[in-house]
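Letter by letter, the chains look like this.
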Amino acid sequence: MSIRDVLVTGGAGYIGSHLVDSLVSRGYQVTVLDNLEPQVHRSGTWPSYANPKAQYVRGDVRDRAVFEPLVLASQAVVHFGAAVSVGQSMYQVDRYVDVNTRGTALLLDILVNTKHKVEKVLVASSIGVYGEGAYTCRTHGPVAPTIRGEQQLAARDWEQRCPSCGEHVQSIPTPEDKALYRDNIYSMTKYHQEEMVLLIGKTYGIPAVAPRFFNVYGPRQSLSNPYAGVAAIWLSRLLNGKQPVVFEDGGQLRDFVSIHDVVDCLVLMLEKPGADYLPVNVGSGQTVTILEIAQLLARLLGSAIEPQVTQTGRKFDIRHNTADITCARQTLGFEPKVTLEQGFTELIEWARNSPDGAVDFFDKALDELKQKGLLVQN
Ligand SMILES: NC(=O)c1ccc[n+]([C@@H]2O[C@H](COP(=O)([O-])OP(=O)(O)OC[C@H]3O[C@@H](n4cnc5c(N)ncnc54)[C@H](O)[C@@H]3O)[C@@H](O)[C@H]2O)c1
Ligand SMILES: [Zn+2]
C-alpha cells in the first residue's frame, strides 16, 4: 500500500494550508478537517488561500461523528488542528486541554478501535515541550535549568544559572533527548499529544512522527491574532505605526524557520520511514536574538520605528531555545534552504497585500496578561 489520501486537521490554518498546497501539487488527495476557529478565521469562512483542489469539511476534532469517517477514508493523518497560544492557555485551561489533548485522544481511540488503513500519523508538537533550551556550565557540562523564578526576573538577571553551582550558563542547540519540562498549559497539551501519538503508534505498529516546530514564520501567519508568533505580532505593530514590544533585554535566542522549509520537512516525514516513532526538531539550525528579528523586520519594512525593549519579564517565558536539527538531517536528509532575509522579505511582501489586513489587538492581549498577574513587576 502507499499513501494516496491524506487527512489534514487544522488544514485551513497557517502551517496546515501550506502543507495542503504542497501535497496537492505532489498528487495526493487531500481532505481538510477544520472548525474555522473564530480567533484564527475572523471571517468565519474558508480562507481565500484555501487550495481548491483539496476537499474541505467544517468540523471539530472533538466530534467523533465527523472525524471517524474521514480517518477511515485516509492512509495518512496529519493532526494540526489545535488551540495555539502559550499565554492564552494559562487562563483558558479547559479549552486548551479539551481541543488539544482530548482531540488527539479521540483520533487515537478511532485508530485503535476501527479497521483503518492509516500508514502514517504526524502530530504537531512544539519547542514548548522542552521548556528551557539546552545549556552548558563551565564546571558541570550539559545542564537543564528550569524556569527562572520571579525574583530573578524582578532583578533583571535574565541569563539562566546552573542548577548545581548557580553560575551563569551558556545556551547550546537543543537536541531531542534534552530533559523535557513544561511551564505552561499549551506546552503540556503538546507534550501529551506527542507522547500519546508515539505510544499508540509504537504499540499498534502505526508509523508516527511528532515534528517539534520551533518558531515558524511566513505568509498566512495570522497577523491579527495577538496570541500568534512574535514575528507576526511585531510586523502587525509596525504596520500600524506602533513599536514592537520586546520583553526582557531582547537577547533571547530563538530559531526562526521558514514555512517552506517546514513543509519540505513534513513531506519527508510523510514519505520516508527514517523518522518513524520519533519526535523531531524542525528548525533552521540558525540562531538569532529576538531583538535582531524585531530590528530586521523594521529594516526590511523601511520603518524608522525602534522596538520598545521593556526590561521586564513574563512569568512563563523561557530565556533561550534553539534547534539542534541533526536528527532531521540524518533520518530524513532535511536541509533548510531559506535565509532569514529571504523569508522575512517574503513575509512582509505578503503582509502588505494581506486581504485580512493586520489589525493590532496586541494591547488588548497585554492587558489580559496584566490582569491575570502574568507580568513580573520590577
Ligand atoms: N506556528 C508555529 O510556530 C507553531 C509552533 C509549534 C507548534 N505549532 C503547532 O502546529 C499546528 C498548526 O499551527 P498553526 O501555526 O498552523 O496554527 P493555526 O491556528 O493557523 O492553525 C490551526 C488550525 O486549527 C483549527 N482548529 C482549531 N481548533 C480546532 C478544532 N477544535 N477542530 C478542528 N480544527 C480546529 C483552526 O481553525 C486553524 O485553522 C498546531 O497544532 C500548533 O500547536 C505551531
Ligand atoms: Zn555549574
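Residues numbered from 1 in each chain as written. Chains lettered and ligands numbered in written order. Predicted model: local features only at pLDDT ≥ 70, side-chain atom pairs only at ≥ 80, totals over all residues. Heavy atoms only, no water.

Q: I'd like a description of the site of ligand 1, backed by residues and values.
A: In the vicinity of ligand 1 lie 28 residues, with Ile 15, Asp 34, His 41, Tyr 186 and Lys 190 positioned nearest. One nitrogen or oxygen atom from the main chain of Asn 35 is found 3.3 Å from a nitrogen atom belonging to ligand 1. Taking 830 Å² as the accessible area of ligand 1 by itself, protein coverage stands at 93%. Taken together, the elements giving at least two residues each to the shell around ligand 1 come down to α1 (14-25), β6 (125-126) and α6 (185-204). Its residues assigned to classes, the shell around ligand 1 comprises 15 nonpolar, 8 polar and 5 charged. (Near = heavy atom within 4 Å. Polar contact = N/O pair within 3.5 Å; in protein donor to acceptor, adjacent residues only side chain to side chain. Areas by Shrake-Rupley, 256 points an atom, 1.4 Å probe, with all protein chains shown as cover. Helix = DSSP H or I, 4+ residues; strand = E, 2+ residues; numbered from the N terminus. Nonpolar A, V, L, I, M, F, W, Y, C, P; charged D, E, K, R; others polar.)

Q: Explain the sheet that holds strand β7 (residues 134-137) to me, using residue names and the numbers behind them.
A: Sheet architecture is open: 3 strands sit in the order β8-β7-β9, paired in antiparallel fashion. Each having just a single partner strand, β8 (141-143) and β9 (170-172) make up the two edges of the open sheet. The average angle at which neighbouring strand axes cross in this sheet is 40°, direction not considered. Relative to β9, β7 is paired through 3 bridges, and the arrangement is antiparallel. Considered in β9, the bridge of Ala 134 is made with Ile 172. (Pairing = 2+ DSSP bridges. Axes fitted to C-alpha atoms, helices over the stretch in contact; angles between N-to-C directions.)

Q: Describe the pairing of strand β1 (residues 5-9), naming the residues involved and giving the relevant values.
A: Consecutive side chains along a regular strand alternate between the two faces of the sheet. With 5 of 5 residues buried, β1 is to be regarded as a mostly interior element. Burial of β1 is two-sided: the residues Asp 5, Leu 7 and Thr 9 facing one way and the residues Val 6 and Val 8 facing the other way are all buried. Bridging between β1 and strand β2 (residues 29-34) involves 5 bridges; their strand directions are parallel. Bridging from a neighbouring strand, Leu 7 pairs with Thr 31 of β2. Read from β1 through α1 to β2, the crossover connection turns out right-handed. As defined by bridge partners, β1 adjoins strand β4 (residues 76-79) across 4 bridges and the pair is classed as parallel. Looking at β4, one finds that Thr 9 is bridged to His 79. (Buried < 20%, exposed > 50% of the residue type's maximum accessible area, 1.4 Å probe, protein only. Right-handed = clockwise from strand over helix to strand, strands pointing away.)

Q: Report on unusual backbone geometry, specifying residues and quantitative values.
A: Its identity as a non-glycine residue notwithstanding, Glu 248 has a phi of 55°, on the positive side. For Glu 248, the position within the fold is in the loop between β12 (245-246) and β13 (253-254). One non-glycine residue, Gln 311, lies in positive phi territory at about 55°. Among the structural elements, Gln 311 can be located in the loop between β17 (308-309) and α10 (326-332). A relative accessible area of 28% places Gln 311 in the partly exposed class.

Q: Requested: an account of the coordination of the zinc ion (ligand 2), with residues and values cited.
A: In the first shell of the zinc ion (ligand 2), the protein supplies Cys 137 (SG), His 140 (ND1), Cys 162 (SG) and Cys 165 (SG), at 2.1 to 2.4 Å from the metal. For the zinc ion (ligand 2), the 4 donor atoms in the first shell make angles of 106 to 114° at the metal, a pattern classed as tetrahedral. Mapped onto the sequence, the donors of the zinc ion (ligand 2) take the spacing C-x2-H-x21-C-x2-C. You can see His 140 sitting in the loop between β7 and β8 and its partner Cys 162 sitting in the loop between α5 (150-154) and β9, a full 22 residues away along the chain. Classification of Cys 162 by relative accessible area gives buried; the value is 4%. (Donors = N, O, S within 2.8 Å, 3.2 Å for Na, K, Ca; no water. Tetrahedral: all angles 85-135°; square planar, octahedral: opposite > 155°, others 65-115°.)

Q: Pulling in residues and values, what's your account of the nonpolar core?
A: Counting residues in hydrophobic clusters, the biggest one holds 66 residues, and the most contacted among them are Ile 15, Leu 23, Phe 213, Leu 266, Met 269 and Phe 344. Counting residues per element, this core draws most heavily on helix α8 (residues 259-271), at 8 residues. Leaving out residues up to four positions away in the same chain, Phe 344 has contacts with Tyr 217, Ala 231, Phe 256, Ile 293, Leu 296, Leu 297 and Leu 300. The next biggest cluster of nonpolar side chains, apart from the first, holds 21 residues, and it includes Leu 33, Leu 70, Val 77 and Leu 106. (Core = buried A, V, L, I, M, F, W, Y, C linked by side-chain atoms within 4.5 Å. Contact = heavy atoms within 4.5 Å.)

Q: With reference to specific residues and values, describe the pattern of salt bridges.
A: Enumeration according to the criterion identifies 21 salt bridges in this entry. Glu 37 is the partner of Arg 95 in a salt bridge, and the nearest nitrogen-oxygen pair spans 3.6 Å. Taken together, the positions of Arg 95 in helix α4 (residues 93-113) and Glu 37 in the loop between β2 and β3 (55-58) put the pair 58 residues apart, joining distant regions of the chain. What makes Arg 95 partly exposed here is its relative accessible area of 25%. Under the relative-accessibility criterion, Glu 37 is labelled partly exposed at 21%. The salt bridge partner of Arg 319 is Glu 159, with a shortest N-O separation of 2.8 Å. Of this pair, Arg 319 sits in the loop between β17 and α10 while Glu 159 sits in the loop between α5 and β9; the two residues are 160 residues apart in sequence, bridging distant segments of the chain. Residue Glu 159 is classed as partly exposed on the basis of its relative accessible area, which comes to 27%. Look at the salt bridges and you will find they share partners, linking Arg 148, Glu 159, Glu 248, Asp 249 and Arg 319 into a network. (Salt bridge = Lys/Arg side-chain N within 4 Å of Asp/Glu carboxyl O.)

Q: Explain the environment of Ile 15 to me, using residue names and the numbers behind them.
A: Along the polypeptide, Ile 15 turns up in helix α1. Placed 309 residues apart in sequence, Ile 15 and Asp 324 show a C-alpha to C-alpha distance of 21 Å. Once residues lying within four places of it in the same chain are set aside, the contact partners of Ile 15 are Phe 80, Phe 213, Val 216, Ile 259, Val 262 and Leu 266.

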